[in-house]
Amino acid sequence: MLRKHLSLILVLVFAFCFSQTKYKTESNIPYYPENISKKDTYINSQCKLNFYYPTNVKNFATVIWFHGGGLTGGNNELPKELLNENIAVVSVEYRLAPKVKAPAYIEDAAAATAWVFNNIEKYGGSKDLIFESGHSAGGYLAMMITLDKKYLQKYQIDADQIAGLIPFSGQAITHFQIRKEQGIPELQPTIDEYAPLFHVRKEGPPIVLITGDRELELLGRYEENAYLARMLELVKHPSVKLLEEDGFDHVGMAKPGFPLLLKEIREISKKIKTQKNIQ
């Protein structure tokens with residue numbers, strides 16, 4: 001009898017271990033073609049991505065994560081809160097001011113996204129389940145390349161193919177670093193071609209705007225996102241949410257934002273898989 005119990009336990013342990021999702025990380029992958037990076041030393045050194053993905057799962061979702069730092073700094077790290085969640089994570093390093101000016105860093109975000117679209121199926125992921133996200137300046141970059149379609153059109157990618165846009169405290173007006181480059185003070189709001197608000201449109205993927213507490217956020221960041229959400233609703237965008245994290249400031253909102261991001265990725269992915277019959 002003891003042998004039978006031991007055998008059963010060993011079978012169950014083996015089955016559990018075999019069913020566990022396994023992951024792999026590849027670091028410092030250039031996302032610009034070699035003919036471009038060889039001509040520009042800054043692109044060659046800076047424009048890299050880290051790629052974390054499940055190796056024994058098919059048609060997994062992928063979130064592209066752009067770090068914050070005001071477009072002048074920040075760390076290209078894979079957020080630990082997104083690991084071991086049955087999804088792939090791509091963290092992107094991009095060129096920074098003052099070495100470059102707009103739209104260089106937006107173009108980098110588009111180039112990195114194009115790399116994901118062009119390569120994700122080789123690793124077992126689905127092109128139908130690619131999400132854009134990031135915190136602060138990173139959220140701004142995700143918003144820009146999703147709402148202003150010209151950046152991805154350069155790579156023959158329709159921005160409407162993105163599965164979902166879920167930025168953390170992204171700037172909806174023209175980013176303050178770009179206003180600085182234009183000689184405009186950071187407290188003088190403008191909306192021009194470098195503002196996600198300028199590119200409000202009905203078409204596009206589901207959009208979930210996540211911010212910190214309106215009384216604690218950075219320079220009216222909640223109100224910017226609230227205005228963007230309202231304008232998207234007015235043009236009849238089919239799926240817009242605005243989530244405010246009470247009690248959290250601009251920096252602190254990121255940690256509780258990750259469970260919200262994962263929840264939205266799962267819900268949107270489930271709908272897409274059902275619609276497109278993805279197994």
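This write-up is about the structure you can find in this document. (Residues numbered from 1 in each chain as written. Predicted model: local features only at pLDDT ≥ 70, side-chain atom pairs only at ≥ 80, totals over all residues. Heavy atoms only, no water.)

Glancing now at the nonpolar core. Ranked by internal contacts, the top residues of the largest apolar core, which has 59 residues, are Tyr-31, Phe-51, Phe-66, Tyr-94, Tyr-105, Ile-106 and Leu-141. The dominant element in this core, judged by the number of residues it contributes, is helix H4 (residues 104–119), at eleven residues. In contact with Tyr-94, other than residues within four places in its own chain, are Tyr-31, Gln-46, Phe-66, His-67, Gly-68, Leu-71, Tyr-105, Asp-108, Ala-137, Gly-138 and Leu-141. The next biggest cluster of nonpolar side chains, apart from the first, holds 23 residues, and it includes Trp-65, Ile-87, Ile-210 and Leu-262. (Core = buried A, V, L, I, M, F, W, Y, C linked by side-chain atoms within 4.5 Å. Buried < 20%, exposed > 50% of the residue type's maximum accessible area, 1.4 Å probe, protein only. Helix = DSSP H or I, 4+ residues; strand = E, 2+ residues; numbered from the N terminus. Contact = heavy atoms within 4.5 Å.)

With that settled, the discussion passes to unusual backbone geometry. Cis rather than trans, the peptide bond between Ala-97 and Pro-98 has omega equal to 5°. Positive phi outside glycine occurs at Gln-156, with the angle close to 60°. Mapped onto the elements of the fold, Gln-156 is located in the loop between helix H6 (150–153) and strand E6 (164–168). According to the relative accessible area criterion, Gln-156 is exposed, its value standing at 72%. For Leu-219, which is not glycine, the phi dihedral falls at a positive 50°. Among the secondary structure elements, Leu-219 is positioned in the loop between strand E7 (207–212) and helix H8 (221–234).

Take the pairing of strand E2 (residues 48–54) next. Of all seven residues that make up E2, seven are buried, and the element is covered over most of its length. Here E2 shows a buried face lined by Lys-48, Asn-50, Tyr-52 and Pro-54 and a second buried face lined by Leu-49, Phe-51 and Tyr-53. Pairing of strand E1 (residues 23–30) with E2, which is carried by six bridges, proceeds in the antiparallel orientation. Paired with Thr-25 across the two strands is Tyr-52, which belongs to E2. Inspection of the sheet shows E2 paired to strand E4 (residues 88–92) by four bridges, in the antiparallel sense. Note on E4: the bridge partner recorded for Leu-49 is Val-92. (Pairing = 2+ DSSP bridges.)

Over its 23 residues, helix H9 (residues 254–276) runs 32 Å from end to end, which matches the ideal 33 Å to within 8%, given 1.5 Å per residue. Within the span of H9, buried status applies to Ala-254, Gly-257, Phe-258, Leu-261, Leu-262, Glu-264, Ile-265, Ile-268, Ser-269 and Ile-272. For H9, the secondary structure elements touched by its buried residues are strand E3 (60–66), strand E5 (125–135), E6, E7 and strand E8 (240–245). Just beyond H9, the residue with positive phi is Asn-277, at close to 55°. (Expected span 1.5 Å × (residues − 1).)

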